Amino acid sequence: FKRAVIVVPGRTEALRYSYYFAKPYIENGYNVLAIDQRSHGESDGVYNTLGFEEHNDVIAWGKLLHEVYGVEAILLHGNCIGCSCCLQVLTSPVCPDYFCGMVAEGMYPNFYESFRNHMIELKRPVHPCIDLVDMWMRFYTGHSMKKGPADIIQDCDKPILMLHSLEDTYSLPSAAQELYDQCGSKKQLVWFSKGAHSQIRVNNTEQYDLAIGEFLEENFPRSA
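Bear in mind the structure is a predicted one, so any value in this text is a computation, not a measurement.

Visitor: Provide a residue-level description of the pairing of strand E5 (residues 160-165), including the pertinent values.
Guide: In terms of burial, E5 is largely enclosed, as six of its six residues are buried. Both faces of E5 are covered, namely the face carrying Ile160, Met162 and His164 and the face carrying Leu161, Leu163 and Ser165. In terms of strand pairing, strand E4 (residues 99-105) meets E5 through four bridges, oriented parallel. Considered in E5, the bridge of Met102 is made with Ile160. Where E5 meets strand E6 (residues 187-192), six bridges bridge the pair, whose relative direction is parallel. The residue bridging His164 from the neighbouring strand is Trp191, located in E6. Taken together, E5, helix H7 (residues 173-182) and E6 constitute a β-α-β crossover, and its handedness is right-handed.

As structure tokens, this is what we get:
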């Protein structure tokens, strides 16, 4: 195919998990590239920076697809922190024009909020743990968990499909709605009644794949 999607997995997820999301893209005429983010799977790197550095890696993957394999348009599919990474690609001042849009499952405003919600669900004390983690992240990577999609989504000018579960306890539905409202590009938000964070498709496979297929046909028709 002349089009491809790069599936960018979430925290603690490796590229083999990304294979599960390939089917709706293949059926709609897309090559699929599954990657490991930094410090995950077969990739090197000591720290994962929630997309702040990894988005440069995704741009490099895209250049490989475009320059070596002749791919003319590249879509991004992000899960959890993968959403942050993909959004940083699309809002980067050096993002090539052939990156055409993204599908986001479980996008959060920033990882600080997602971490906090996770601690609450586990009935663990939020403070001082979350502040210590953010302090060490800033010390070792130069980036803070308090920054994320909410700070840049208004700058995106490429189509975005947001897929979100009403049962998501890490990236709350109210936060997803706020992100959607702030988004400055052509956008669509599809709600699912079942599915934990990053586990929507397994609970709603037909609806999930249909939503992606309709988004692709509306924004990037095969005849174009």
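Visitor: Pulling in residues and values, what's your account of the packing of aromatic side chains?
Guide: On inspection of all chains with the given rule, the structure shows 13 aromatic pairs. Where Phe21 meets Tyr208, the ring centres are 6.2 Å apart and the plane angle is 45 degrees; that geometry is what we call tilted. With Phe21 in the loop between helix H1 (15-18) and helix H2 (23-27) and Tyr208 in helix H8 (residues 205-219), this residue pair connects regions lying 187 residues apart in the sequence. With a relative accessible area of 2%, Phe21 lands in the buried category.

Criteria and thresholds
- Residues numbered from 1 in each chain as written.
- Predicted model: local features only at pLDDT ≥ 70, side-chain atom pairs only at ≥ 80, totals over all residues.
- Heavy atoms only, no water.
- Buried < 20%, exposed > 50% of the residue type's maximum accessible area, 1.4 Å probe, protein only.
- Helix = DSSP H or I, 4+ residues; strand = E, 2+ residues; numbered from the N terminus.
- Pairing = 2+ DSSP bridges.
- Right-handed = clockwise from strand over helix to strand, strands pointing away.
- Phe/Tyr/Trp six-rings, centres within 6.5 Å; stacked < 30°, edge-to-face > 60°.

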